[in-house]
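Examining the three-dimensional arrangement
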Amino acid sequence: MKRDFGTTTKGEHAALYTLKNKKGMEIAVSDYGAVLVKVLVPDRDGNLVDVVLGYDDVKGYEAGTLYFGATVGRVANRIGGGSFELNGKTYKLTQNDNQNTLHGGTEYYDKRMWKVEAADESHVSLVLHSPDGDQGFPGEMDIHVTYTLTEENEVKLHYHAVPDRDTLLNLTNHSYFNLSGHASGKVLDQEVIICGDAYTRADKESIPTGELVCVEGTPMDFRKGKPIGRDIESDYEALIFGQGYDHNWALDGRGSRQAAAMYSEQSGIEMKVYTDLPGMQFYTGNFIESERGKKGAVYRKRQAACFETQYFPDAVHKEAFEGPVVRAGEVYDTVTTYQFSQR
Ligand code: BGC
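Bear in mind that the values here come from a model prediction, so they are computed numbers and not experimental data. (Residues numbered from 1 in each chain as written. Predicted model: local features only at pLDDT ≥ 70, side-chain atom pairs only at ≥ 80, totals over all residues. Heavy atoms only, no water.)

**A look at the overall build of the protein chain**
Selection criterion: Numbered from the N terminus, helices here are DSSP runs of H or I no shorter than four residues, and strands are runs of E no shorter than two. The size measure is the radius of gyration over C-alpha atoms, and the globule rule it meets is 2.2 Å times the number of residues to the 0.38 power. Residue exposure (1.4 Å probe, protein chains only): buried if accessible area is under 20% of the type maximum, exposed if over 50%, otherwise partly exposed. In what follows, residue pairs with any heavy atoms lying within 4.5 Å of each other are defined as contacts. Using the Shrake-Rupley algorithm and a 1.4 Å probe, accessible areas are obtained, with residue cover drawn only from the displayed protein chains. For the purpose of charge, His is not counted, nor are the chain termini; Lys and Arg are scored as positive and Asp and Glu as negative. A single reference atom marks each charge: NZ on Lys, CZ on Arg, CG on Asp, CD on Glu.
Secondary structure summary: the protein chain contains two helices and 30 strands in total. For 343 residues, the compact-globule formula gives about 20 Å, and the C-alpha radius of gyration of the protein chain, at 19 Å, lands near that figure. Dimensions of the protein chain, computed from C-alpha atoms along their principal axes, come out at roughly 60 × 50 × 35 Å. The 343 residues of the protein chain split such that 58% are buried. In the protein chain, the proportion of contacts linking residues at least 24 apart, taken out of those at least 6 apart, comes to 65%. In the form shown here, the protein chain has an accessible surface area of approximately 13500 Å², with 47% of it arising from carbon and sulfur atoms. Between the mean site of the 37 positive side-chain charges and the mean site of the 51 negative ones, the protein chain shows a separation of 3 Å.

Here you go:
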């Protein structure tokens, strides 16, 4: 189902596509920013709960600076110093996070109109043409993102692009999840599992030092699952620098596998995150300050958590980190899945 989602200040008409499955789940995606606007999941009593933060219309997304539901590229997370070298050439990007580049740096992908290539009850495919020099990155390509809602209550995000020159690519989705409902307050009592033995240590500006730190015996250990808030105020360097969790975990294993899980005792809704990427930024909404969102809700600090699957931050400057260089003609193809269930 397609409906009007409002008009941008530039006069662009945005649409909202709603997908439904037979299990009662429903999601909504806009062609403005390829943003995931709604994720309605039945709770343990069968009532539909919207588990992502967002806005009512395109104007909210246009004005927003927190990347609610955003498709982020070309390079999600940070590039230290706002520049990089590739094939002997230096590329300068916008320094929008101290001296560094965050989430593409400027001309964000979630602030552009995407073209809908196909849509039905179970999927919507969007494409963005990214020209050579876009945000300062070399190479031109069409970036395809397909959202699929399956009968297994999975929201599947498939990314596909083939650049015509060597470049960097690290796409992610920046949805903010609150499994008790987007308007329900803080997520500190919701439980999280992260399937990673280590995280990438970072400096005060969240740029990795290159070290992998084992989570054993630290507040970063989510391997067995614990409430988000249990250790979040610990006197621990990473948590002080990030003002809470805002770090990349080195996920165990390779190929498509579970990266994380989240559970709300209040609603009984559980989410499992699967990805084929090596890392995941777990971010606990530390920088949300009284943001007016959907249906009059006011979102505050730690009202949601993001599970941003990706190549490690600043990988372009770290010999030991995989990615995010994609060669000319090489296929960039990756899938992240958020699966919902009740208990
Ligand atoms: C970053 C945070 C940042 C947030 C923006 C996350 O991916 O790691 O530091 O504040 O995005 O909403």
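Moving on, there is more to tell.
**Observations regarding the pairing of strand E22 (residues 246–250)**
Just so we agree on the cut-off: A pair of strands is considered paired only if DSSP assigns at least 2 bridges between the two.
In terms of burial, E22 is largely enclosed, as five of its five residues are buried. Side chains Asp 246, Asn 248 and Ala 250 project from E22 onto one buried face, and the interleaved His 247 and Trp 249 project onto a second face that is buried too. As paired strands, strand E19 (residues 198–202) and E22 are joined by two bridges and run antiparallel to one another. Pairing of Tyr 199 across the sheet is with Trp 249, part of E22.

**Thoughts on the UniProt feature "active site" (unreviewed entry) in the protein chain**
Defined as follows: UniProt positions are given in the numbering used here, feature names are shortened, and annotations may be inferred rather than shown by experiment.
Under the present numbering, the feature "active site" (unreviewed entry) in UniProt falls on His 174 and Glu 308. These annotated residues cover 135 residues of sequence, but their C-alpha atoms sit close together, with the largest distance between any two at 5.9 Å. Checked against the element boundaries, His 174 lands in the loop between strand E16 (172–173) and strand E17 (176–177). According to the relative accessible area criterion, His 174 is buried, its value standing at 3%. Those residues in contact with His 174 that sit more than four places away from it in its chain are Leu 66, Tyr 67, Phe 68, Gly 69, Ala 70, Val 72, His 103, Tyr 283, Cys 306 and Glu 308. With respect to the element layout, Glu 308 can be found in strand E28 (residues 305–310). For Glu 308, a relative accessible area of 2% gives the class buried. If sequence neighbours within four positions are ignored, Glu 308 has contacts with His 103, Thr 172, Asn 173, His 174, Gly 279, Met 280, Gln 281 and Tyr 283.

**Quick word on the nonpolar core**
Heads up, the condition is: To form a nonpolar core, buried Ala, Val, Leu, Ile, Met, Phe, Trp, Tyr and Cys residues must be joined to one another through side-chain atoms within 4.5 Å.
Formed by 62 residues in total, the largest nonpolar core has its most connected members in Ile 27, Met 262, Phe 282, Phe 307 and Phe 340. The element contributing the most residues to this core is strand E13 (residues 141–149), with five residues. Excluding its chain neighbours within four sequence positions, the residues that come into contact with Phe 282 are Val 192, Ile 194, Phe 222, Ile 228, Tyr 245, Asp 246, His 247, Trp 249, Ala 305, Cys 306 and Phe 307. Counting 24 residues, the second-largest nonpolar core is a separate cluster that includes Val 35, Leu 53, Ala 70 and Ala 297.

**Digging into the UniProt feature "binding site: beta-D-galactose" (unreviewed entry) in the protein chain**
In plain terms, the rule: Here a polar contact is recorded for every N or O atom pair within 3.5 Å, except that within protein the pair must consist of a potential hydrogen donor and a potential acceptor, and residues adjacent in sequence are included only if both atoms are side-chain atoms.
The UniProt entry lists Asn 77, Arg 78, His 174, Ser 175, Tyr 176 and Asp 246 under the feature "binding site: beta-D-galactose" (unreviewed entry), expressed in the numbering used here. For Asn 77, the position within the fold is in the loop between strand E6 (71–72) and strand E7 (78–79). Look at Asn 77 and you get buried, because its relative accessible area is 2%. Within the fold, Ser 175 resides in the loop between E16 and E17. Among residues more than four places away in sequence, those in contact with Ser 175 are Leu 36, Val 52, Gly 69, Ala 305, Cys 306 and Phe 307. Reaching out from Ser 175, the side chain makes a polar contact with the side chain of Asn 173 at a distance of 2.6 Å.

**With respect to the pattern of salt bridges**
The test is simple: By definition here, a salt bridge exists when the distance from a side-chain nitrogen of Lys or Arg to a carboxyl oxygen of Asp or Glu is within 4 Å.
Summed over all chains, the structure comprises 17 salt bridges. For Asp 134, the salt bridge goes to Arg 112, with nearest N and O atoms at 2.8 Å. Residue Asp 134 is found in the loop between strand E12 (123–130) and E13, and its partner Arg 112 is found in the loop between strand E10 (101–102) and strand E11 (115–119); the two are separated by 22 residues along the sequence. Neither residue differs from the other here; Asp 134 and Arg 112 are each classed as buried. With its nearest N and O atoms 3.5 Å apart, the salt bridge here joins Glu 322 to Arg 254. In this pair, Glu 322 sits in the loop between E28 and strand E29 (325–326) while Arg 254 sits in the loop between E22 and strand E23 (257–263), placing the two residues 68 residues apart along the sequence. Glu 322 gets classed as partly exposed once you look at its relative accessible area, which sits at 36%. Taking the relative accessible area as the measure of exposure, Arg 254 reaches 68% and is therefore exposed. The network of salt bridges with common partners includes Asp 197, Glu 216, Asp 221 and Arg 223.

**Re the site of the ligand**
Operational definition: A cutoff of 4 Å decides nearness: a residue is near a molecule or strand if any of its heavy atoms lies inside that distance of it. Residue polarity follows a fixed list, in which Ala, Val, Leu, Ile, Met, Phe, Trp, Tyr, Cys and Pro are nonpolar, Asp, Glu, Lys and Arg are charged, and the others, Gly among them, are polar.
The environment of the ligand is formed by Leu 66, Tyr 67, Arg 78, His 103, His 174, Tyr 176, Asp 246, Gln 281, Tyr 283, Phe 287 and Glu 308. Contacts to the ligand include His 174, whose side-chain N or O atom sits 2.7 Å from an oxygen atom. One of the side-chain N or O atoms of Tyr 176 is found 2.9 Å from an oxygen atom in the ligand. Coverage of the ligand by the protein chains reaches 93% of its 310 Å² of free accessible surface. Along the lines of polarity and charge, the residues of the shell around the ligand split into five nonpolar, three polar and three charged.

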